[in-house]
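Commentary on secondary and tertiary structure
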Amino acid sequence: MERSGSYQREGYLQENYKYFHLRDTEGQELDFHFHEFDKIVILLSGQVDYMVESSTYPLRPWDILLIKHHAIHKALIDRSAPYERIILYLDGRYFGRSVPEADLLACFDRADQQGQYLLTPAKEDREQLSALFTAMEQALEDEQFGAQALRDTFVIQLLIRVNRIALREGGFQRPETTYNPKIAQTLSYINEHLSEPLTVDDLAGRVYLSRYHFMRLFKAQTGATVHSYVQQRRLLYAAQLIRRGVPVSKAAEESGFTEYSTFYRDFRAAFGVSPKQLK
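None of these values were measured; they are calculated from a predicted model. (Residues numbered from 1 in each chain as written. Predicted model: local features only at pLDDT ≥ 70, side-chain atom pairs only at ≥ 80, totals over all residues. Heavy atoms only, no water.)

1. A word on the pattern of salt bridges
Within this structure, the stated rule accounts for twelve salt bridges. With a shortest N-O distance of 3.3 Å, Arg206 and Asp202 are connected by a salt bridge. Of the two residues, Arg206 and Asp202 both sit in helix α6 (residues 200-206), four residues apart, roughly one turn of that helix. On the basis of relative accessibility, which here comes to 39%, the residue Arg206 falls in the partly exposed class. Through salt bridges with shared partners, a single ionic network connects Asp125, Arg161 and Arg168. (Salt bridge = Lys/Arg side-chain N within 4 Å of Asp/Glu carboxyl O. Helix = DSSP H or I, 4+ residues; strand = E, 2+ residues; numbered from the N terminus. Buried < 20%, exposed > 50% of the residue type's maximum accessible area, 1.4 Å probe, protein only.)

2. Observations concerning the sheet that holds strand β2 (residues 38-45)
With antiparallel pairing, the six strands of this open sheet are ordered in space as β1-β7-β2-β5-β8-β9. The sheet is open, and its two borders are formed by β1 (17-24) and β9 (172-173), each paired with just one other strand. The pairing of strand β5 (residues 64-67) with strand β8 (residues 118-119) spans two bridges and is classified as antiparallel. Directly across from Ile64, in β8, lies its bridge partner Leu119. (Pairing = 2+ DSSP bridges.)

3. A short note on the packing of aromatic side chains
Going through the model one piece at a time under the given rule, you end up with 13 aromatic pairs. Pairing Phe20 with Tyr89 gives two aromatic rings, centres 5.2 Å apart and planes at 65 degrees, and the pair type is edge-to-face. One end of the pair, Phe20, is in strand β1; the other, Tyr89, is in strand β7 (residues 83-90), with 69 residues separating them in the sequence. Residue classification places Tyr89 among the buried positions, given a relative accessible area of 2%. (Phe/Tyr/Trp six-rings, centres within 6.5 Å; stacked < 30°, edge-to-face > 60°.)

4. A few points about the nonpolar core
Within the largest apolar cluster, 55 residues are counted, with the highest numbers of intra-cluster contacts made by Ile40, Tyr50, Ile64, Leu65, Leu66 and Leu90. With seven residues, the single largest contributor to this core is helix α4 (residues 147-167). Once you skip the residues sitting within four places of it in the chain, Leu65 turns out to touch Lys39, Ile40, Val41, Tyr50, Val52, Tyr57, Leu59, Tyr117 and Leu118. (Core = buried A, V, L, I, M, F, W, Y, C linked by side-chain atoms within 4.5 Å. Contact = heavy atoms within 4.5 Å.)

See the structure below:
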């Protein structure tokens, strides 16, 4: 089942929010990627591990995963089992304007501060969430007066429920696995030196591993090649600089791109807009 338009996995969100209820046996796997919007994933059934930043979360039914905008993440899906999930894309600016007295996206900030992104709702929470999903999907078919406003209220109720779980003691669950210390050290180094050349040989040497062993360990731990991870991080940093008012060409240079044509192509592919359109 798919609701509220096509399911887009990368780039920009053109609406205030998008709601999806998806069930399939494939669940397309992507390389590490990021979004310009906040994202909630609620597993209903299936076998999937989510890698978010430096942690891996094996999801269980009704687990709630909070992925803040710009967080690099990847889903590892067992294709032998039907994969059913609720996905919600959220434009934080809209919810800040529409409900100014309540910080409805505070749960994402809390997750980011703690470095923990997984919530496990209690039985009562699950029942309330299930009722909200049913009401939301009925409202998506509604074309009567006030239908859009009704849908908005269901999304707001969902965010209130998620925030209450996040504020509860023990609401967040620690990841089951974390990166190997050498890979964690490498990720920190990459993030701190994006404007500099970052070769596989140099990164491997810094953690005293052979090139071959380092590449295998990095791929096994992160699910991405070294080149792919570095490119994603550089694009993210460039977008941050552009939003701060840094000229596009300088943002490309400071984020480590030596060829503007490569930067432009990769930026547009990741964000769905050109660097100038982002600015």
